[in-house]
Amino acid sequence: MKIKQLVIIWIVCLGTSSCVVEKKNTIQINGRKIELNGSPYLIKGVCYHPVPKGSGKRSFENLSEDLSLMNEAGVNTIRLYAPVDDGAVLDKIDKAGVKVIIGFGYNQDGYFDIRSGSFISYINKYKTHPAVLFWELGNEYNYHPEWFDGDIRNWYVALNNAAALIKENDNSHPVATAHGELPDSLARTLCPEIDIWGMNVYRWDNPESIFSQWEALSENPMYLSEAGADSYMTIAKMGYMQGPNERAQADATKNILDATFSNKEICSGVTLFAFVDEFWKAGNINTQDPGGWAPNSSGVPYDGAPNEEYWGIVTIERQKKLAFEVVKEKYLIAE
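Below is a short write-up of the structure.

1. Quick word on the overall build of the chain
When its secondary structure is counted, the chain shows nine helices and 13 strands. Whereas a compact globule of 335 residues would reach a radius of gyration of roughly 20 Å, the chain reaches 21 Å, a difference of no more than 12%. Along the longest, intermediate and shortest principal axes, the C-alpha atoms of the chain span 80 × 45 × 40 Å. The burial tally for the chain puts 54% of its 335 residues in the buried class. Intrachain contacts of the chain at a sequence separation of at least 6 include 67% that bridge at least 24 residues. Entry remark: accessible area of the chain is about 14,900 Å², with carbon and sulfur atoms responsible for 52%.

2. Some thoughts on the sheet that holds strand β1 (residues 27–30)
The sheet built from three strands is open, its strands ordered β1-β2-β3 with antiparallel pairing. The open sheet has two edge strands with one neighbour each: β1 and β3 (39–40). The pairing of strand β2 (residues 33–36) with β3 spans two bridges and is classified as antiparallel. Residue Glu35 lies in a different strand from β3, and its bridge partner there is Pro40.

3. Side note on the pattern of salt bridges
Scanning the entire structure with this criterion turns up 17 salt bridges. Glu136 is the salt-bridge partner of Arg79, the closest N and O atoms lying 2.6 Å from each other. One end of the pair, Arg79, is in strand β5 (residues 77–80); the other, Glu136, is in strand β7 (residues 132–139), and 57 residues separate them in sequence. There is no split in this pair, since Arg79 and Glu136 are both buried. Taking the shortest distance from any N to any O, the salt bridge between Asp258 and Lys254 comes out at 3.0 Å. Linking Asp258 with Lys254, this pair stays in helix α8 (residues 246–261), spanning four residues, or about one helical turn. Judged by its relative accessible area of 37%, Lys254 is partly exposed. Several salt bridges share partner residues, and in doing so they unite Glu72, Lys320 and Lys328 into one network.

4. Details of the sheet that holds strand β13 (residues 267–272)
Spatially, the eight strands close up into a barrel ordered β4-β5-β6-β7-β8-β9-β10-β13, and their pairing is parallel. Strand-to-strand twist of the sheet, defined as the mean angle between neighbouring strand axes without regard to direction, takes the value 25 degrees. Where strand β8 (residues 175–180) and strand β9 (residues 196–200) come together, five bridges link them in parallel fashion. Counterpart to Ala178 in the pairing with β9 is Gly198. Sitting on the sheet, helix α5 (residues 152–169) touches β7 and β8, and the angle it makes with β7 is about 160 degrees. Packed on one face of the sheet, helix α7 (residues 208–217) meets β9, β10 (222–226) and β13 and runs near 140 degrees to β10.

5. Thoughts on helix α4 (residues 119–126)
The complete set of buried residues in α4 reads Phe119, Ile120, Tyr122, Ile123 and Tyr126. For α4, the angular spread of the buried residues around the axis is 155 degrees, confining them to a single face.

6. Quick look at the pairing of β10
With five of five residues buried, β10 lies mostly within the body of the structure. Where β9 meets β10, four bridges bridge the pair, whose relative direction is parallel. Across the sheet, the residue bridging to Asn200 is Glu226, located in β10. Following the backbone out of β9, through α7 and into the adjacent parallel β10, one traces a crossover that is right-handed.

7. Observations regarding the packing of aromatic side chains
Scanning the model with the defined rule gives 23 aromatic pairs in all. With centroids separated by 5.5 Å and ring planes inclined at 80 degrees, the aromatic side chains of Tyr141 and Trp147 adopt a geometry described as edge-to-face. For Trp147, a relative accessible area of 48% gives the class partly exposed.

Here is what the cut-offs are and how they apply
- Residue positions within a chain follow its written sequence, with the count starting from 1.
- Residue-level local features of this predicted model are given only where pLDDT is at least 70; pairs of side-chain atoms are given and counted only at 80 or more, and the full residue set underlies all totals for whole chains, interfaces and linings.
- Only heavy atoms go into the side-chain values, all of them from the structure, while hydrogens and water stay out.
- Think of it this way: any DSSP run of H or I at least four residues long counts as a helix, any run of E at least two long counts as a strand, and we number them from the N terminus.
- The quantity called the radius of gyration is restricted to C-alpha atoms. Its globule counterpart is 2.2 Å times the number of residues to the power 0.38.
- To sort residues, take the accessible area from a 1.4 Å probe on protein chains only and compare it with the maximum for the residue type: under 20% means buried, over 50% means exposed, and anything in between is partly exposed.
- Two residues form a contact once any of their heavy atoms are found within 4.5 Å.
- For the accessible areas, the method is Shrake-Rupley and the probe is 1.4 Å, while residue cover comes only from the protein chains on display.
- Strand pairing is defined by DSSP finding a minimum of two bridges between the two strands.
- When a carboxyl oxygen of Asp or Glu lies within 4 Å of a side-chain nitrogen of Lys or Arg, that pair is called a salt bridge.
- Orientation is described by lines fitted to C-alpha atoms, with helices fitted over the stretch in contact, and by angles between N-to-C directions that extend from 0 to 180 degrees.
- Directions from the helix axis toward the C-beta atoms define the arc.
- By convention, a crossover is right-handed whenever its connection, traced from the first strand over the helix to the second and viewed with the strands pointing away, goes clockwise.
- Working definition: rings of Phe, Tyr and Trp (its six-membered ring) pair if their centres are within 6.5 Å, and the pair is stacked with planes under 30 degrees apart, edge-to-face with planes over 60 apart, and tilted otherwise.

Right, dumping it as structure tokens:
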């Protein structure tokens, strides 16, 4: 009788959407390493902010196609600049075997942001979701003291307080921040609650020097939260012709990934900027326009100019650029 009851319950459970078998992931910090289920986790990632042509708003309408391309290229991690409040999206990402770094902004008009405190409700809602790798607070805000009454210390205090609050509510995921370049002593001193330091690094086509610099400063894990190159040359330089230039992007991407994966003892990987071109950044949202500006961007290879709509390793129509094949080659062999 008891056996029959157990079988019936199991069958009913399979037939109901409310019965879910949870996958348990253990994500922890061990020295300089990020570990997933006891093994070092190397981030082979992309920054992902998919905005359709003719729009200024993020949309996941192409998610299935994008995940298929990511799987082909060996991508294991997506970095999102803002949270996605849709369990179906996270479920689809998890089913594809990909992890997510969820980013939170400081002031997003109360939409799961740090200023309002609403970010913590998102964390409590999704902290058991198996797609989540870790939480990330801010994106190179150190370049914008004007957002914090002219004193960047105000941001670092808010950042550290937010990280501490996360840990009070979720002890199963590390907390990171995405810092513009190498964090100085002020940032590190005021933010002891940060477990992982993401760094947006544009040092031409070779970020290698930042790894030894970080090793001398901190024992925390770090990763490149942004690195890469765009596929447009503002000027002809170093043998690369002016105009759309996938070869320049591919060559720079190869060198950046080689340097990153040659320093795995210090660096936990990279989320390459970016997965798909973004038409909303520099001009008409229906066309791909050169131009744009980003802080501390003179190190963008190979023209020193960040053409903001050309950073994807695929086009907005999801055509693979030459850099896609480079990423595929490097990610599939990296361990």
